[in-house]
Amino acid sequence: MALKELQRVAVIGAGIAGSACAHALAQAGHAVQVFDKARGPGGRLATRRMAWVDSAGEPCTTWLDHGALGMTAHVEPFGAFVDKGLQAGWLAEWRPVLAAGSLPLDGAAEFHVPVPDSPELCRRLLAGVATRWSCVIDNLQWTTSGWQVEAAGQRQGGPFDAVVLALPPAQAAPLLVTHRSDWARHASLAPMQPCWTLMGVAADDAVPAWELARPPAGPLAWVMRNDARPGRARAPGQAHWVAHARAGWSRQHLEQPPEWVLQQLQAALSDTLGRPVAWLHGTVHRWRYALPQARRTAPGESFWWDAAQGLGVCGDFLGGAGVEGAWLSAHSLSTAMLRWLGDAARAA
Ligand SMILES: Cc1cc2nc3c(=O)[nH]c(=O)nc-3n(C[C@H](O)[C@H](O)[C@H](O)COP(=O)(O)OP(=O)(O)OC[C@H]3O[C@@H](n4cnc5c(N)ncnc54)[C@H](O)[C@@H]3O)c2cc1C
């Protein structure tokens, strides 16, 4: 790619990594277009709207956070980003009461939780940025006028001077293969842990005093009272549960039908509580790519940037597991891209 002032950037993926990268580039004055296959932003910072009809025939709606429980800040500049969110009110601190006998929380006793729902963090970052939802990008083409981004054989705007892929590695690999086969190979080998997640509403007045449990054994790794989280709706007589299965259990039962998984996880939650649960509504979600298996699963930098092609990659599989790692990867990539742009503008 000839050195020139970069203006048009396509960012594929609107999770925390894509949203943070798009935000930084747009703030610096570049024309950023974000694409995501989902109906809105957030990626694994996810909240599900659940609608059902109660026994009296009344329609009911509940929102449950079925992705990341929250985030913890260990290093700068992510700490400063979290502080800004807390001050602005789109993040809140959650110090959950832990169930007796739970495994200890790793490193931090508090989570930072987006309010009023998990995607709010990405919504805030993408305010003013052009977005296209329900758009599965399945091909990238390099032409003399720039990058073409395609979905189902249709060109999606552009051409673009640069493309950023902010996707789980298995989804980034097929888009990379004709442009950077080495990156595609590393991405396709990066191991990600799956997670089956239970979301349920129970008729329950006798709710426990705790808000979060980490059972030491059994199928469940995390059990959370969603309605105990900051900024979430509470309904009298109802308990809102989200429970994440262990990675090993999820891998072993990855291809089981959802109805079977629902039964198993509801039974496991009853075991955790030590009593039967009167479910009003329940469902499960399968995360094929929930978390990188190791803190850093790909070799080299916490992001990939090929200045000659104007092609970048960021996400948790490069920056380290979790929201913080994904954000740091995006921050490092956007910093490198903006530095390159400054050099390019001076050279022009
Ligand atoms: C159940 C669960 C619990 C977790 N708990 C925690 C926690 O407590 N703390 C923590 O820090 N982290 C937690 N995490 C991990 C955290 O959510 C992720 O590390 C982080 O959100 C990853 O962000 P990302 O932007 O890299 O990827 P993602 O959030 O996965 O974003 C990728 C986006 O790309 C889109 N996409 C994929 N393919 C395409 C395509 N071809 N075209 C267009 N769009 C595409 C997807 O729809 C998605 O929106 C948890 C994750 C899960 C699933």
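Residues numbered from 1 in each chain as written. Predicted model: local features only at pLDDT ≥ 70, side-chain atom pairs only at ≥ 80, totals over all residues. Heavy atoms only, no water.

**Looking at unusual backbone geometry**
Put simply, the test is: Strands are runs of DSSP state E lasting at least 2 residues, helices are runs of H or I lasting at least 4, and numbering of each runs from the N terminus. Buried residues are those whose accessible area, probed at 1.4 Å on protein chains only, stays under 20% of the maximum for their type, while exposed residues exceed 50% and partly exposed ones sit between those limits.
Cis rather than trans, the peptide bond between Glu76 and Pro77 has omega equal to 5 degrees. Positionally, Pro77 belongs in the loop between strand 4 (59–64) and helix 2 (78–88). The omega angle of the peptide bond from Gly158 to Pro159 is 5 degrees, so this bond is cis rather than trans. If you trace the backbone, Pro159 turns up in the loop between strand 10 (154–155) and strand 11 (162–165). Positioned with a positive phi, Ser134 is a non-glycine residue whose angle comes to about 55 degrees. Secondary-structure assignment places Ser134 in the loop between strand 7 (130–132) and strand 8 (139–143). Even without glycine at this site, Ala152 takes up a positive phi of about 50 degrees. Mapping Ala152 onto the fold places it in the loop between strand 9 (146–151) and strand 10. For Ala152, a relative accessible area of 67% translates into the label exposed.

**Considerations on the packing of helix 4 (residues 169–176) against helix 5 (residues 181–189)**
The description of two packed helices rests on the angle between their axes and on the distance between the axes. The line we're drawing: Here the axes come from fitting lines to C-alpha atoms, over the contacting stretch only for helices, and the angles between their N-to-C directions go from 0 to 180 degrees. Note on angle classes: values under 35 degrees are labelled roughly parallel, values over 145 roughly antiparallel, values of 65 to 115 roughly perpendicular, and the remainder oblique. Here is the rule for handedness: rotate from the far helix to the near one, and if that takes an anticlockwise turn smaller than a right angle the crossing is left-handed, while a clockwise turn gives right-handed. Between two residues, a contact is recorded if the distance between any of their heavy atoms is within 4.5 Å. Here the nonpolar group is Ala, Val, Leu, Ile, Met, Phe, Trp, Tyr, Cys and Pro; Asp, Glu, Lys and Arg are the charged ones; every other residue, Gly included, is treated as polar.
Following both chains from N to C, one finds helix 4 and helix 5 inclined at 160 degrees, their axes separated by 8 Å at the closest point. In this view, helix 4 runs roughly antiparallel relative to helix 5, as classed from their interaxial angle. The interaxial crossing formed by helix 4 with helix 5 has left-handed handedness. On the side of helix 4, the interface is formed by Pro169, Ala170, Ala173 and Leu176, while helix 5 contributes Ser181, Trp183, Ala184, Ala187 and Ser188. Of the residues assigned to the contact of helix 4 with helix 5, the class counts are seven nonpolar, two polar and no charged.

**With respect to the side chain of Asp306**
Examined against the element boundaries, Asp306 turns out to sit in strand 17 (residues 304–306). Setting aside its immediate chain neighbours within four residues, Asp306 contacts Arg180, Trp183 and Leu311.

**A closer look at the site of the ligand**
Inclusion rule: Note on definitions. A residue lies near a molecule or strand when any single heavy atom of the residue is within 4 Å of it. Polar contacts here mean pairs of N or O atoms no more than 3.5 Å apart (in protein, one a potential hydrogen donor and the other a potential acceptor; neighbouring residues in sequence count only if both atoms are side-chain atoms). A domain assignment, automatic or from a database, supplies the domain bounds used here.
The immediate surroundings of the ligand are formed by 33 residues, with Asp36, Arg44, Gly70, Asp316 and Val323 found nearest. Residue Lys37 places a main-chain N or O atom 3.0 Å away from a nitrogen atom belonging to the ligand. Measuring from an oxygen atom of the ligand, one finds a backbone N or O atom of Leu69 at 3.3 Å. For the shell around the ligand, the elements supplying multiple residues, two or more each, are helix 1 (16–27), strand 16 (279–292) and helix 9 (322–347). Across the shell around the ligand, the residue classes tally to 18 nonpolar, eleven polar and four charged. Taken together, domain 1 (1–45 + 119–191 + 293–348) and domain 2 (47–74 + 92–117 + 192–292) each give at least three residues to the shell around the ligand, which thus spans both.

**Some thoughts on the sheet that holds strand 13 (residues 212–213)**
Applied cut-off: Strand pairing is assigned whenever DSSP identifies at least 2 bridges connecting the two strands.
Reading across from one edge, 13-14-15-12-16 is the order of the five strands in this open sheet, with antiparallel pairing throughout. Looking at which strands have only one partner, the edges of the open sheet turn out to be strand 13 and strand 16. Here strand 12 (residues 192–203) pairs with strand 15 (residues 238–245) via seven bridges, running antiparallel. Bridging across to strand 15, Ala202 finds its partner in Ala239.

**Focus: the domain arrangement of the chain**
Our working rule: Buried area is calculated as the accessible area (1.4 Å probe) missing from two parts once they are joined, with the contributions of both summed. The term salt bridge refers to a pairing of a side-chain nitrogen on Lys or Arg with a carboxyl oxygen on Asp or Glu at a separation within 4 Å.
For the chain, the assigned domains are domain 1 (1–45 + 119–191 + 293–348) and domain 2 (47–74 + 92–117 + 192–292). Summarising the inter-unit geometry, the C-alpha centres of domain 1 and domain 2 are found 31 Å apart. Each partner contributes residues to the interface: domain 1 has 22 residues there, and domain 2 has 20 residues. When the two sides are added together, the surface that domain 1 and domain 2 hide from each other amounts to roughly 1600 Å², 62% of it contributed by carbon and sulfur. There are one salt bridge connecting domain 1 and domain 2.

**Concerning helix 7 (residues 258–273)**
Note the following rule: Expected span, for any helix, means 1.5 Å times one less than how many residues it has.
Between its terminal C-alpha atoms helix 7 stretches 22 Å, which fits the 22 Å expected from 16 residues at 1.5 Å a residue. Buried-residue contacts for helix 7 involve strand 12, strand 14 (220–225), strand 15, helix 6 (247–252) and strand 16. Where helix 7 ends, the next residue or the one after it, Gly274, has phi of about 75 degrees, a positive value.

**Looking at the packing of aromatic side chains**
As a reminder of what qualifies: Only the six-membered ring of Trp is used, alongside the rings of Phe and Tyr, when aromatic pairs are assigned; centres must lie within 6.5 Å, and planes under 30 degrees apart are stacked while those over 60 apart are edge-to-face, with the rest tilted. We call a charge positioned over a ring when the NZ of a Lys or the CZ of an Arg lies within 6 Å of the ring centre and within 35 degrees of the ring normal.
Across all of its chains, the model carries 13 aromatic pairs by this definition. Members of the aromatic cluster, joined through ring pairs, are Phe78, Phe81, Trp90 and Trp327. The side chain of Arg225 reaches across the aromatic face of Trp241, ending 5.6 Å from its centre.

**A closer look at the sheet that holds strand 9**
Read across the open sheet, the three strands follow the order 8-9-10; overall the sheet is antiparallel. A single partner strand is all that each edge strand has here, and the edge strands are strand 8 and strand 10. Direction of pairing for strand 9 relative to strand 10: antiparallel, over a ladder of two bridges. Each bridged residue has a counterpart across the sheet, and for Glu150 the counterpart in strand 10 is Arg155.

**Considering the pattern of salt bridges**
Per the stated rule, a full pass over the model turns up 14 salt bridges. The closest approach of N and O atoms between Arg232 and Asp65, which form a salt bridge, is 2.8 Å. Taken together, the residues span a long stretch of sequence, with Arg232 in the loop between strand 14 and strand 15 and Asp65 in the loop between strand 4 and helix 2 at a distance of 167 residues. Note that Asp117 and Arg123 form a salt bridge whose closest N and O atoms lie 3.0 Å from each other. Overlapping salt bridges bring together Asp117, Glu120, Arg123 and Arg124 as one network.

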